[in-house]
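# Report on the structure
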Amino acid sequence: MHSETIRWPAPAKLNLFLYITGQRSDGYHELQTLFQFINRCDYLTITPNKTGIITITPEIPGVPIQKNLIYKAAMLLKNETNCSLGAEIILEKNLPMGGGLGGGSSDAATTLVALNYHWKLNLDQTTLSSLGVQLGADVPIFIYGKAAIAEGVGEKLTPVEPVQSHYLIATPHCHISTPAVFKNPDLKRDTKKQSHQKLMTNKWKNDCEPCVKKHYPEVANTIDWLLEYAPTRMTGTGACIFSTFSHARDAELLAKKTPIWLNCFTAQGLNNSPLRELISTKNTIN
């Protein structure tokens, strides 16, 4: 057991584009999307122990521990490996829930990667990803840790190097259920699949955006306001919106001009996740 206490990052992601290319017989949707990380993170401070018990503090209001993705990830890893160890986990929650930034999935991925290290389980990335996809379709990209085009239901990853732009990210006052968006009859589901070259060079869109704007005026108002200043799209199934800039200063200047009803923060795109960089350092040392 690596017994030291470590503060692990769980970074947010953006879907720089999102196309829905079909729906499978099992109900899942076929996608083509581009994931990039940003330098805004939740943090999990983890201290392993020999109790066999997983504790998480503070509690997330309205989320029983059995439904907490951090707890579910830890218990999945314990059960799959017959591990008798436990851990104390302290969560610093900086990413909005239901915002399309992947906060819950990222927390779950960081839990798998970190406990695999602390408990010396030595599972490889492919095995961790196969566990992660049981918790959510976005979990594997956070375990993978590199900007990538994702296909299938999100599990087929091809690394790419998009521009590491600067972003203003707005967080409308609404929680959007991903399953509800994918069940909505208004959702476009027939975008033609494109080659990776075309995906990276064509103008980028999000197929979920028109549907979400129709049903969530908070999202529509935010996009309409930001489009006056910069290219702006929704990430994932929402509700977060991002505007793209070449320079951090321009994003910061717009953040100061936003109206009082628009909550936002600025961030930089990252093609290598902070989690990947930290675990690479730990594995090199150990």
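For the structure itself, consult the block above.
Residues numbered from 1 in each chain as written. Predicted model: local features only at pLDDT ≥ 70, side-chain atom pairs only at ≥ 80, totals over all residues. Heavy atoms only, no water.

## Describing the packing of aromatic side chains
Given two aromatic rings, one states the distance between the centres and the angle between the planes to describe the pair. Rules: To pair, rings of Phe, Tyr and Trp, with the six-membered ring standing in for Trp, must have centres within 6.5 Å; the planes then decide the type, stacked if under 30 degrees apart, edge-to-face if over 60, and tilted in the middle. Helix numbers and strand numbers start at the N terminus; a helix is a DSSP run of H or I with at least 4 residues, a strand a run of E with at least 2. Here the term buried applies to any residue with accessible area under 20% of the maximum for its type, exposed to any over 50%, and partly exposed to those in between, with areas from a 1.4 Å probe on protein chains only. Whether a charge sits over a ring comes down to the Lys NZ or Arg CZ being within 6 Å of the ring centre and within 35 degrees of the ring normal.
With the rule as written, the count across this model stands at 6 aromatic pairs. Between Phe37 and Phe142, the ring centres sit 6.0 Å apart and the planes meet at 55 degrees, which makes this aromatic pair tilted. In this pair, Phe37 sits in strand S2 (residues 29–49) while Phe142 sits in helix H4 (residues 139–144), placing the two residues 105 residues apart along the sequence. Phe37 gets classed as buried once you look at its relative accessible area, which sits at 0%. The class for Phe142 is buried, based on a relative accessible area of 2%. Each ring, one from Trp225 and one from Tyr229, has its centre 4.8 Å from the other, and the planes form 35 degrees; the classification is tilted. A network of ring pairs unites the aromatic residues Phe17, Tyr19 and Trp204 as a single cluster. When the ring centre of Tyr43 is taken as reference, the NZ or CZ atom of Arg7 above it lies at 3.7 Å. Positioned above the aromatic ring of Phe265 is the side chain of Arg40, whose terminal nitrogen or guanidinium carbon lies 4.1 Å from the ring centre.

## Examining the environment of Glu161
Operational definition: Contact definition: two residues touch when any of their heavy atoms are within 4.5 Å. A 3.5 Å cut-off defines polar contacts: any pair of N or O atoms within that distance qualifies, except that in protein one atom must be a possible hydrogen donor and the other a possible acceptor, and neighbouring residues in sequence count only when both atoms are side-chain atoms.
Here Glu161 is to be found in the loop between strand S6 (156–159) and strand S7 (166–170). Residues Glu161 and Leu270 lie 109 residues apart in sequence; the distance between their C-alpha atoms is 9.4 Å. Setting aside residues no more than four positions away along its own chain, Glu161 makes contact with Lys146 and Asn271. In terms of polar contacts, Glu161 uses its side chain to reach the side chain of Asn271, at 3.1 Å.

## Overview of the nonpolar core
Put simply, the test is: Only buried residues count toward a nonpolar core. Its members are Ala, Val, Leu, Ile, Met, Phe, Trp, Tyr and Cys residues joined through side-chain atoms within 4.5 Å.
The biggest cluster of nonpolar side chains holds 41 residues, and the ones touching the most others in it are Trp8, Ile46, Ile89, Leu112 and Trp119. The dominant element in this core, judged by the number of residues it contributes, is helix H2 (residues 103–118), at 7 residues. With sequence-adjacent residues up to four places away left out, Ile89 is seen in contact with Leu44, Thr45, Ile46, Ile54, Thr55, Ile56, Thr57 and Ile70.

## A word on the packing of helix H1 (residues 69–81) against H2
Quick note on the threshold: Note on geometry: axes are C-alpha line fits, over the in-contact stretch for helices, and angles between N-to-C directions span 0 to 180 degrees. For a crossing to be left-handed, the near helix must be turned anticlockwise from the far one by less than a right angle; the clockwise case is right-handed. All amino acids are sorted into three groups, where Ala, Val, Leu, Ile, Met, Phe, Trp, Tyr, Cys and Pro are nonpolar, Asp, Glu, Lys and Arg are charged, and the leftover types, Gly among them, are polar.
Taken N-terminus to C-terminus, the directions of H1 and H2 make an angle of 35 degrees; their axes are 8 Å apart at the nearest point. The way H1 lies across H2 gives a crossing that is right-handed. Contacts between H1 and H2 pair Leu69, Ile70, Ala73, Ala74 and Leu77 from the former with Gly104, Ser105, Asp107, Ala108, Thr111, Leu112, Leu115 and Asn116 from the latter. Partitioning the contact of H1 with H2 into residue classes produces 8 nonpolar, 4 polar and 1 charged.

In short, the description is geometric, and any link to function would need to be established separately.
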